[in-house]
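# Residue-level structure breakdown
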Amino acid sequence: MAVEPEHASVNGRKKPQRPQRTHREVADELRARIRSGVLRPGQRMPTQAQLAAEFGVERQAVRGALRILQSEHLLTNISKGAPATVADRADRAPAGPAAPPQPTTVALAPRIASAFEAEHVEIDAVCLTAVSLTLAIGEPLRQIYAGRLKPAKVDVRVLLPGRNIDLAFPVPVGGRQGDDDPVHERWLAQRNAQGQVLRHNLLALRATHGIDVRVSFRALPFTPPVKLYLLNNTEALFAYYTVTRSEALIGQETLPTYDTQGVRSMLFAFEQGGGLLDTTFVEQSHLWFNALWETISSELELTD
């Protein structure tokens, strides 16, 4: 009886089997089944044990795949006690790392919510005002208060431009006129307000749910040309700030400005273990963030 080449022995030893599929590969297969209608909206998924046996992987890989599909709004009711359910709107566009770039308002919230499934949540961000981050944090907060999520610890670090620097944007088209700069003052008020809301909402979890929360801010000596979100040391979400000419209503005066709509910036997702490019980008992004945090940034007070 012939021995299949894959299992042929050399010096009495079997050749190693093909490596197990990754959680990303399992997610890709399950996503294809959902998209093709093999798994229909409202249908119960196989159990984690059944999926692990089918794909020849550990349950941890299955759980990782299910979390990806949940973040893309393809699955609901993921828990250890019962199989997940295919979402009612599973035919809509994906929103996870496998998806094409999407506006920050679409892509960020589901990725932040997925990050909050970890026992220790770690979020680092570089941004202009923290508007997008504050909005995105609202989704996991709702799930925590609904009892669907309960991390044990949350660490958030945010790098924002310092209040006294000459911002590259937003700025009046004609430049600053003396010491009076209403465009800068409006940006500063927005930066402070968003940071305070973000900090207040997260720190409230200490009293309401006993979660160990730390929120820290530091000031950059420059205007960041990009926004960056680092999630649980495994994901990097990156977007360019694209500057355009616009009109700003300040008080009762309309001023032409050079500004950017950060909430509309297209967000690119990179994941640790998603390939050499992705893994390197995540690692280098962490090195870049930590270097800024530990060297040229300074204490930031969210006050006028």
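Above this text you will find the structure in question.
Just so we're clear, the structure is a prediction, and the values are computed from it rather than from any experiment. (Residues numbered from 1 in each chain as written. Predicted model: local features only at pLDDT ≥ 70, side-chain atom pairs only at ≥ 80, totals over all residues. Heavy atoms only, no water.)

### Looking at the pairing of strand β12 (residues 244–250)
This is how it is decided: In this scheme, strands are said to pair when DSSP sees at least two bridges between them. Helix and strand definitions here come from DSSP, where helices need a minimum of 4 consecutive H or I residues and strands a minimum of 2 consecutive E residues; each element is numbered from the N-terminal end.
Relative to strand β13 (residues 253–259), β12 runs antiparallel, the two sharing 7 bridges. Bridge pairing links Leu249 to Thr254 in β13.

### Thoughts on the sheet that holds β12
The test is simple: We call two residues contacting when some pair of their heavy atoms lies within 4.5 Å. Axes, fitted as lines to C-alpha atoms, cover a helix only where it is in contact. Angles between the N-to-C directions of the axes lie from 0 to 180 degrees.
Spatially, β8-β13-β12 is the arrangement adopted by the 3 strands of the open sheet, whose pairing is antiparallel. Looking along the sheet, the strands with just one partner apiece sit at the ends: β8 (171–172) and β12. Pairing of β8 with β13, which is carried by 2 bridges, proceeds in the antiparallel orientation. The partner of Pro172 across the bridge, within β13, is Thr257. Packed on one face of the sheet, helix α6 (residues 182–209) meets β8, β12 and β13 and runs near 80° to β12.

### Concerning unusual backbone geometry
Between Phe169 and the following residue, Pro170, the backbone shows a cis peptide bond with an omega angle of -5°. Among the structural elements, Pro170 can be located in the loop between β7 (153–161) and β8. At Ala130, a residue that is not glycine, the phi angle is positive and equals roughly 75°. Secondary-structure assignment places Ala130 in the loop between β6 (120–126) and α5 (131–145).

### Remarks on helix α7 (residues 276–294)
Rules: The span you would expect from a helix comes to 1.5 Å times its residue count less one. Residue exposure (1.4 Å probe, protein chains only): buried if accessible area is under 20% of the type maximum, exposed if over 50%, otherwise partly exposed. In this description, the arc belongs to the directions extending from the helix axis to the C-beta atoms.
Compared with the 27 Å implied by 1.5 Å per residue over 19 residues, the 27 Å span of α7 between its first and last C-alpha is a close match. Restricting attention to buried positions, one finds in α7 the residues Asp278, Thr279, Val282, Ser285, His286, Phe289, Leu292 and Trp293. Down the axis of α7, the sector holding all buried residues measures 165°, keeping them to one side. Exposed side of α7, more than 90 degrees from the buried face: Leu276, Leu277, Leu287 and Glu294 are the residues found there. In this structure, the buried residues of α7 make contact with β6, β7, β9 (212–220), β10 (226–231), β11 (235–240) and β14 (266–271).

### Quick notes on the nonpolar core
To be explicit about the condition: We call a set of buried Ala, Val, Leu, Ile, Met, Phe, Trp, Tyr and Cys residues a nonpolar core when their side-chain atoms join them within 4.5 Å.
The biggest cluster of nonpolar side chains holds 42 residues, and the ones touching the most others in it are Ile112, Phe116, Ile123, Leu133, Ile137 and Leu202. Elements with a contribution of two residues or more to this core: α4 (104–115), β6, α5, β7, α6, β9, β10 and β11. Beyond its immediate stretch of four places on either side in the chain, Ile137 contacts Ile112, Phe116, Ile123, Leu198 and Leu202. By size, the runner-up hydrophobic cluster in this structure holds 20 residues, among which are Met45, Ala52, Phe55 and Val86.

### Comments concerning the pattern of salt bridges
For clarity, the threshold we go by: Any Lys or Arg side-chain nitrogen located within 4 Å of an Asp or Glu carboxyl oxygen qualifies as a salt bridge.
With the rule as written, the count across this model stands at 11 salt bridges. A salt bridge links Glu29 to Arg33; its shortest N-O distance comes to 3.0 Å. In this pair, Glu29 and Arg33 both sit in helix α1 (residues 23–36), 4 residues apart, roughly one turn of the helix. Close ionic contact of Arg142 with Glu139 constitutes a salt bridge, the shortest N to O distance being 3.0 Å. Taken as a pair, Arg142 and Glu139 lie in helix α5 at a separation of 3 residues, close to a single helical turn. Each of Glu29, Arg33 and Glu54 takes part in a single network of salt bridges with overlapping partners.

As far as function goes, none of this settles anything; it's purely spatial.
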